[in-house]
Amino acid sequence: MSVILNVQRARAERVEIRHPVLARLCAWRVGNRVGESPIWDAEARTLLWIDVRAPAVLRLDPDTDEVTRWELPGVVGAMGLGPRGCVVLALQRSLAMLELCSGKLTDLESLDAEPSCNRLNDGKVSPSGRWFVFGSMDDRPTGKLPTGSLYVAGSAGLVRLLHAGLTVANGLAFSPDASTIYFSDSHAGRVWRAPWNEMEGRMGPAKLMCSCDEAAGRPDGAAVDCDGNYWSAGVSAGVLNQFNPEGALLAMTRMPCRAPTMPCFGGLERAEIYVTSLVRPGWKLGPADLDGALFRYASATSGLSAPRWG
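Model, not experiment: these values are computed from the prediction.

### With respect to the overall build of the protein
Helix and strand content of the protein: zero helices and 28 strands. At 18 Å, the protein has a C-alpha radius of gyration in line with the 19 Å of a compact globule built from 310 residues. By the burial criterion, 58% of the 310 residues in the protein qualify as buried. Sequence-distant contacts, at least 24 apart, represent 47% of the contacts inside the protein between residues at least 6 apart.

As structure tokens, this is what we get:
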């Protein structure tokens, strides 16, 4: 089944920010409730991301500050680049493909076996583009249980279970050589790494890489740089944490928001870092607050181009 989405365009306010560590830091006031899944589209030279609770797919042209918004019919948990001009979406309990130029949203696959309290959450296209790996989570505000899982979808649409027993599946990323997959459980505050077979789309036994409590920044969305280091949004502490592949903390960078949600590498040389953020229910925002904004700064290291699924 397909539907045509409502599309809106507007110009976002850009704010230049002085920061003791981050070079050329700026923020766009995009008013996200739960910004997630930022992806740099190298062909279009734009940034795509989602607002989980709006719900919407958004696109920023950083040269003009124009933001395009596709309004979705229900909650969205993750996004990846699809065939040219398209994105693959993990909706509440299904996968779908959105054609950006037409706004056509087409159902791909339903996950009917997911518990009723769950929704899909976080996802990444694997380095070769063969696979879309995505997770699920217990979406209840309290009393969460480890009912979440990791899944893998091939370009033909077949979905397989990869891993079970997570409460809030998150932090998906791949090593530059595609031999390792990373993932986290935001509720438990843990990050794992596991062998990854890119040809077959299969994961080996997972090994705990690191743990982060509230003060250190519970692990939310993540990205891996060209050196193989794992960048994790510490959503509970307002920081980005950078770990080496063995789990040693290399750097903790404080962001100008209370809850960063996911970083990604963008720009012409993939040497800029974009970071989404959220606003928790009950937070009061003053005129200078930047919770829910989209951030960008210049990085000393670079990342890889985002692959397209299929």
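Moving on, there is more to tell.
### Focus: the pattern of salt bridges
Applying the stated rule across the entire model yields eleven salt bridges. The partner of R29 in a salt bridge is E13, with the nearest N and O atoms 3.4 Å apart. In this pair, R29 is assigned in strand 4 (residues 23–29) and E13 in strand 3 (residues 13–16), connecting sequence segments 16 residues apart. Residue E13 is classed as partly exposed on the basis of its relative accessible area of 47%.

### Topic: the sheet that holds strand 23 (residues 230–234)
Strand order in the open sheet formed by four strands is 22-23-24-25, and the pairing between neighbours is antiparallel. Both edges of this open sheet fall to strand 22 (219–224) and strand 25 (249–254), since each of them pairs with a single strand only. Direction aside, neighbouring strands of the sheet carry axes that sit 20° apart on average.

### Quick look at the layout of surface pockets
One number sums up the size of the largest pocket: a volume of about 660 Å³. R53, R119, M137, L278 and R280 are, among the 23 residues lining the largest pocket, the residues nearest its centre. Residues belonging to the lining of the largest pocket are distributed by class as follows: nine nonpolar, four polar and ten charged. By volume, the second largest pocket amounts to about 480 Å³. Looking at the second largest pocket, it is lined by 28 residues, and the ones nearest its centre are K124, L304, S305, A306 and P307. Where the lining of the second largest pocket is concerned, the elements lending two or more residues are strand 5 (35–41), strand 9 (76–81), strand 13 (118–125), strand 17 (169–174), strand 22 and strand 26 (260–266). Of the residues that constitute the lining of the second largest pocket, the class distribution is 20 nonpolar, seven polar and one charged.

### Let's talk about the side chain of N229
Its place among the elements puts N229 in the loop between strand 22 and strand 23. Excluding anything up to four places from it in sequence, N229 contacts A223, V224, Q242, F243, N244, P245 and L250.

### Remarks on the sheet that holds strand 7 (residues 56–61)
Across the sheet, which stays open at both edges, the five strands sit in the order 2-8-7-6-5 with antiparallel pairing between neighbours. Looking at strand neighbours, the two that pair on one side only are strand 2 (6–11) and strand 5, the edges of this open sheet. Each neighbouring strand pair of the sheet contributes to a mean axis angle of 20°, computed without reference to strand direction. Here five bridges tie strand 6 (residues 46–51) to strand 7, and the two strands are oriented antiparallel to one another. In the sheet register, I50 faces strand 7, and the bridge partner there is V57.

### A look at the environment of V133
Mapped onto the elements of the fold, V133 is located in strand 14 (residues 131–138). The contact partners of V133, leaving out residues within four places of it in the chain, are D122, G123, K124, Y151, V152, L162, L172, F174, I181 and W196.

### Side note on the environment of R59
Looking at the element boundaries, R59 is found in strand 7. Along the sequence, R59 and A206 sit 147 residues apart, while their C-alpha atoms lie 34 Å from each other. Discounting residues that sit within four places of it in the chain, R59 has contacts with T46, L47, L48, W49, E66, V67, T68, W70 and L100.

Calculation rules
- Residues numbered from 1 in each chain as written.
- Predicted model: local features only at pLDDT ≥ 70, side-chain atom pairs only at ≥ 80, totals over all residues.
- Heavy atoms only, no water.
- Helix = DSSP H or I, 4+ residues; strand = E, 2+ residues; numbered from the N terminus.
- Rg over C-alpha atoms; globule rule 2.2 N^0.38 Å.
- Buried < 20%, exposed > 50% of the residue type's maximum accessible area, 1.4 Å probe, protein only.
- Contact = heavy atoms within 4.5 Å.
- Salt bridge = Lys/Arg side-chain N within 4 Å of Asp/Glu carboxyl O.
- Pairing = 2+ DSSP bridges.
- Axes fitted to C-alpha atoms, helices over the stretch in contact; angles between N-to-C directions.
- 1 Å grid on protein atoms, 1.4 Å probe; cavity = no way out; pocket = protein on both sides within 12 Å on 5 of 7 lines; lining within 4 Å.
- Points joined across faces, edges and corners; volume = space filled by probe spheres on them.
- Nonpolar A, V, L, I, M, F, W, Y, C, P; charged D, E, K, R; others polar.

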